[in-house]
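One letter stands for each residue in the lines below.
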Amino acid sequence: MGSKHILAARSLKHKRQQLILSFIRDKEDGFMHRYAQSLDEYFFQSFARSEVGPRMGISKNPYAIIALGGYGRQEQCIHSDVDVLFLFQRSVPAAAEELIREIVYPLWDIGLEVGYAMRSLKECLYLAGSDNEILTALLDARFVCGMSPLYADLKDQLHEKVTTRNYLKIIHWLIEKNRQRHLSFGDASYLLEPNLKEGQGGLRDYHTMMWIARLRSNVHKFDDLVTQGYLTRKEFEDFSKALTFIWSVRNRLHHLTGRKSDQLHFEYQVKLARAMKFTKGDGRQPVENFLGMLHGHMEFIKQQQLVFLYELGFLDRPDRKRVASRQTRIEGLEVRENLLTFASPEAVLSAPELILKIFEESVRLKMPLSAEGRRLIHQFSDVIAEKLRTSPQAVASFERILATPELTFNVLNEMLSSGFLTAFIPEVATIVNRIQYDAYHIYPVARHSLQTVWTVKTFDSLENVSGDPFNGRIYEEIKNKSLLLWAALLHDIGKGVPGSDHARKGAAIARDILNQKGLSQDAVETISFLIQYHLFLKETATRRDIQDEETAIFCARKMGSTERLKMLYLLSVADAIATGPKAWNDWTAAILKSFFLKVLKILEEGELASQTAISDVERKKQEILSAHADTEIQKGVVELLEVMSPRYLLYTTARDIRAHIDLYGRLEDADFIWNVSRTDDSDTRTVTVCAKDRPGFFSKVAGVFTLNSIDILDAQIYTWRNNTALDIFRVLPPPDRLFEEERWSRAHAHLTEALAGSLDLTKAVGEKTDRVRWMESPLVFSPHKVVVDNDSSSFFTIIEVFANDFPGLLFTVTDTLFRCGLDIWVAKIATKVDQVVDVFYVRDFDGQKIDSAEQIAAIQAAVGRAIEQSGPRKAAAGTDL
């Protein structure tokens, strides 16, 4: 390895560092091009100063150094591989290995990832004809230095012998690879952690377009797509902006991670938003504005590639024979090459309603719009939509589009991406590419709204995405489905307005929109109601005691009618499903459906329907008593049944009540007794604890479980009138299953000691959790919140605690409530994915609700202070959003 090459490599390293520094300081717009040029300079100098090259007989066997891949395209990112080809006219000489040591090794020494190949011209052509991966690399090949005629010969023969003969086959391979890539990496235009290169809407979509255009039209530069008619000038300009932004993000991601990286993980998003100088605005955090812009650009690239492939006939289209019998019936519209378009621009201007008609026909024929049709819609939407917004005929047409089933073809997405939807309903523009920075929304707000509409429309089909035929039956019962679909479309429209309570704001915005559209007052009120309360059913079901008849009655009064309840239930289900898999699971589905049926029964049978509940309880009592023939035992059981709470008797099975009675019989003089059993799925455990009741008992159990690394998933607390506590916990088992019995024995001993006063749980739990308090903050940090509700229950104060989860959180909260003089009667343990939501029904030690403002403020302050002191100490991420 010659000293000249080492010095050249060090010079390259210095130039690279200066370029990166200038780029990070926003002083280098053409970073990738300049970086590629600096690499070119190194190779040129190395070629000119080579000691090995002259010994190889370059005149008899010429060679050239050729850039491939991103380096060949001059799209060299900070940590991208440097791919080069050492091309020889004849066979690769033995001395070529020495040439690699001379030229490539110094680049490795300065930390560059260099991928190289040494091939003869004949080998290159053979491999390009048999391996499409190699072919695509050669399509981007660019001469760097050496014998340029050899490079020209490669390009000419590649065109003549490989691409010209097989271009259709190669294009179909590219499209299939494109499809598989999208399946693997997902749609980057809305994913929470998009892949900037491989995801749909990523840089590889652009590369695929360029490769196809090169194969068909010998396109070499990006702006050739305009001269060859693939893009309009405006599309080219927007495409250039999108690419520039994504490349900037990718380079900054490389710099931030210190390696080649394309997956934009949560942990980097806040830092990138800050580095790219995004600020708060329009009620959004910097990271949300950053992601909104990124998703907007990636959506644009995705749509451009789809139009590109549609226009060239390379995407699946309806069968030609079937299409022939489904021609458009609308004057001014035409079907060309299996795509729907306008007869002419003049037709649109003379009949503005054609813009809506083309979408109606698109749904009816299940046929996409041509690129020219989309361009005309984009061009004329702002002018024409103003005339259509209040037209009764246009609104009726839009409602038909909204209501038509479209399981395989979502025309609302076409309306959004073409710009018509935001022109027809301007308020929608405030939620386009609006990102909700949390761990479970997988779509930007506008896309989520369209997905909610689509989800609702699947309920009465074989493609029912909820998987429950029950939802289809309820959907069939809805008299006016358009009201539900309007609500689904607009349910999150309030998120475009800064501040909280988007549901209430959205209802007001929707009322203005719908009044402008000329809907009846009854329709407007119903849709506004659905929007304002679209979170109500799910939040009530998951955060309130639905085993309390009062909860269902309160909800029934809010609904007012079965029709509203059914629509709100379906909207709740569709909204959760469209949010993403972390927001909808079997537990949520079951509890929401159960609560819906309780409220429906009250609305159908009246609030006195609880008489049925009384009959059910009496039936259970007789079943339990019949299991005991001994009169004395029966007498004891009767006395015990009398002290059990109505809520417990109503919602606990007779079999479980018998088991609990047996457990109580074994309690005798002990402070507590428990039974640990496996659930059906064996992944969780049910711990039933029977104890002499005392204030703070629930907190002590929670503390003991934390001490033994047992996570509580759910808890049911029952207090019998004979001062007996029956608490049922669903928990995850201890981490080490081999020694599970020993862990339960240790936990039992800890609870015994805690109740006896010989174990200071607060200190023990604090010491255990202190080791993890320095952990990284949650990727999505939300400030804690303590809400006190005295309206939803006649007998209890309800305390809701929203907090980022950490080991010992439940103990911290319940211990604080105990120290505030509160007794917990019901607990709902839930997870809001990015936060824990724990809900407690409490009374003071005298059995009274907490109704003074001073007490409420003191409780909120105490719980908040305890969370801050006990939670993760590194919480700075929350301030950086």
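These numbers were taken from a predicted model, which means no experiment stands behind them.

Colleague: Go over the overall build of the chain with me, naming the residues and quoting the values.
Modeller: The number of helices and strands found in the chain is 39 helices and 14 strands. Reported as C-alpha extents along the three principal axes, the dimensions of the chain are approximately 110 × 70 × 50 Å. Scored against the burial criterion, the 881 residues of the chain give a buried share of 56%. Nonlocal contacts in the chain, meaning residues at least 24 apart in sequence, comprise 70% of its contacts between residues at least 6 apart. Accessible surface, the chain: about 38,800 Å² in total, of which carbon and sulfur atoms supply 50%. Computing the positive centroid from 110 side-chain charges and the negative centroid from 117, the chain places the two 6 Å apart.

Colleague: Can you tell me about the sheet that holds strand 8 (residues 685-692), naming the residues and giving the values?
Modeller: The four strands are arranged 7-8-10-9 in an open sheet whose pairing can be described as antiparallel. Since the sheet does not close on itself, it has two edges, and those belong to strand 7 (672-678) and strand 9 (712-720), each with one partner. Within the sheet, the average angular offset between the axes of one strand and its neighbour, ignoring direction, is 15°. Pairing analysis gives eight bridges linking strand 9 to strand 10 (residues 724-731), with the strands arranged antiparallel. For D714, the partnering residue across the bridge sits in strand 10 and is R730.

Colleague: Can you lay out the packing of aromatic side chains for me, pointing to particular residues and giving the numbers?
Modeller: Taken as a whole and assessed by the stated rule, the structure comprises 41 aromatic pairs. Between F470 and Y569, the aromatic rings sit 6.1 Å apart at their centres with planes inclined by 70°, giving edge-to-face as the arrangement. You can see F470 sitting in helix 22 (residues 469-477) and its partner Y569 sitting in helix 28 (residues 562-579), a full 99 residues away along the chain. The class for F470 is buried, based on a relative accessible area of 10%. Grouped by ring-pair contacts, the aromatic residues Y206, F222, F236, F239, W247 and F300 constitute a single cluster. Looking at K517, its charged tip hangs above the ring of F424, at a distance of 3.8 Å from the centre. The ring of F529 has R564 lying over it, and the distance from NZ or CZ to the ring centre is 4.4 Å.

Colleague: Run through the packing of helix 1 (residues 3-24) against helix 2 (residues 31-48), naming residues and quoting values.
Modeller: Helix-helix packing is described using two parameters, namely the angle between the two axes and the distance between the axes. Relative to each other, helix 1 and helix 2 sit at 175°, their axes nearing to 10 Å. Relative to helix 2, helix 1 is oriented roughly antiparallel. Judged by residue contacts, H5, A8, A9, L12, K15, R16, L19, I20 and F23 of helix 1 engage F31, R34, Y35, S38, L39, E41, Y42, Q45 and S46 from helix 2. Classifying every residue of the contact of helix 1 with helix 2 gives 10 nonpolar, four polar and four charged.

Colleague: Could you give an account of the pairing of strand 12 (residues 797-803), naming the residues involved and the relevant values?
Modeller: Among the seven residues that make up strand 12, seven are buried, leaving the element largely enclosed by the rest of the structure. Burial along strand 12 is two-sided: T797, I799, V801 and A803 facing one way and I798, E800 and F802 facing the other are all buried. In terms of strand pairing, strand 11 (residues 785-789) meets strand 12 through five bridges, oriented antiparallel. Bridging across to strand 12, V786 finds its partner in V801. The sheet contact formed by strand 12 and strand 14 (residues 836-844) spans seven bridges and is antiparallel. Looking across to strand 14, one finds that E800 is bridged to V839.

Colleague: Tell me about the pattern of salt bridges, and name the residues and values.
Modeller: Summed over the entire model, instances satisfying the criterion amount to 44 salt bridges. Between E539 and R543 there is a salt bridge, with its nearest N and O atoms 3.8 Å apart. One end of the pair, E539, and the other, R543, are both in helix 26 (residues 536-543), four residues apart, so they sit about a helical turn from each other. Of the charged contacts, one joins D789 and R544 as a salt bridge, the two residues approaching to 3.0 Å between their closest N and O atoms. Remark: R544 occurs in the loop between helix 26 and helix 27 (549-559) and D789 occurs in strand 11; sequence separation between them is 245 residues.

Colleague: An account of the environment of A347 is needed here, citing residue identities and associated values.
Modeller: Following the sequence through the fold, A347 ends up in helix 15 (residues 345-350). Residues A347 and L333, spaced 14 residues apart in sequence, show a C-alpha to C-alpha distance of 8.4 Å. Dropping the residues within four chain positions of it, A347 is found in contact with G332 and L354.

Colleague: Pulling in residues and values, what's your account of empty space enclosed by the protein?
Modeller: The full count for this structure, using the stated rule, is six cavities of 30 Å³ or more. Size it by volume and the largest cavity reaches roughly 120 Å³. Taken together, 16 residues make up the lining of the largest cavity; nearest its centre are G696, F697, F698, D823 and I824. Class assignment for the residues of the lining of the largest cavity results in eight nonpolar, four polar and four charged.

Colleague: Any details on the packing of helix 1 against helix 11 (residues 233-257)? Residues and values, ideally.
Modeller: In the contact formed by helix 1 and helix 11, the axes pass within 11 Å of each other and the chain directions differ by 120°. Classified by the angle their axes make, helix 1 and helix 11 are oblique. Handedness of the crossing formed by helix 1 with helix 11: left-handed. Judged by residue contacts, I20, F23 and I24 of helix 1 engage S248, N251, R252 and H255 from helix 11. Counted by class, the contact of helix 1 with helix 11 contains three nonpolar, three polar and one charged residues.

Colleague: So what about the nonpolar core? Which residues, and what values?
Modeller: F43, I66, Y71, F86, F222, F290 and L294 are the most contacted members of the largest nonpolar core, which has 103 residues in total. Sequence-distant contacts of Y71, defined by excluding residues within four places in its chain, comprise A36, L39, D40, F43, Q76, V82, D83, V84, R142 and V144. L340, F398, I425 and F536 belong to the second-largest nonpolar core, a separate cluster that totals 96 residues.

Colleague: Please give an account of the sheet that holds strand 2 (residues 82-88) that cites residues and values.
Modeller: One open sheet holds the four strands; their spatial order is 3-2-1-4, and the pairing between them is mixed. Each of the sheet's edge strands pairs with one partner strand only, and the pair in question is strand 3 (114-120) and strand 4 (142-146). Pairs of neighbouring strands in the sheet enclose a mean axial angle of 25°, with direction left out of account. One ladder, built from four bridges, connects strand 1 (residues 63-67) with strand 4; its direction is antiparallel. Of the residues in strand 4, the one forming a bridge with I66 is F143. Here helix 2 sits on the sheet in contact with strand 1, strand 2 and strand 4, set at roughly 30° to strand 4. Contacts from helix 6 (residues 121-130) reach strand 2 and strand 3 within the one sheet, and its direction differs from that of strand 3 by about 110°.

What counts and what doesn't
- Residues numbered from 1 in each chain as written.
- Predicted model: local features only at pLDDT ≥ 70, side-chain atom pairs only at ≥ 80, totals over all residues.
- Heavy atoms only, no water.
- Helix = DSSP H or I, 4+ residues; strand = E, 2+ residues; numbered from the N terminus.
- Buried < 20%, exposed > 50% of the residue type's maximum accessible area, 1.4 Å probe, protein only.
- Contact = heavy atoms within 4.5 Å.
- Areas by Shrake-Rupley, 256 points an atom, 1.4 Å probe, with all protein chains shown as cover.
- Lys, Arg positive; Asp, Glu negative; His and termini not counted.
- Charge placed at Lys NZ, Arg CZ, Asp CG, Glu CD.
- Pairing = 2+ DSSP bridges.
- Axes fitted to C-alpha atoms, helices over the stretch in contact; angles between N-to-C directions.
- Phe/Tyr/Trp six-rings, centres within 6.5 Å; stacked < 30°, edge-to-face > 60°.
- Lys NZ or Arg CZ within 6 Å of the ring centre and 35° of its normal.
- Parallel < 35°, antiparallel > 145°, perpendicular 65-115°, else oblique.
- Nonpolar A, V, L, I, M, F, W, Y, C, P; charged D, E, K, R; others polar.
- Salt bridge = Lys/Arg side-chain N within 4 Å of Asp/Glu carboxyl O.
- 1 Å grid on protein atoms, 1.4 Å probe; cavity = no way out; pocket = protein on both sides within 12 Å on 5 of 7 lines; lining within 4 Å.
- Points joined across faces, edges and corners; volume = space filled by probe spheres on them.
- Left-handed = near helix turned anticlockwise from the far one by under 90°.
- Core = buried A, V, L, I, M, F, W, Y, C linked by side-chain atoms within 4.5 Å.

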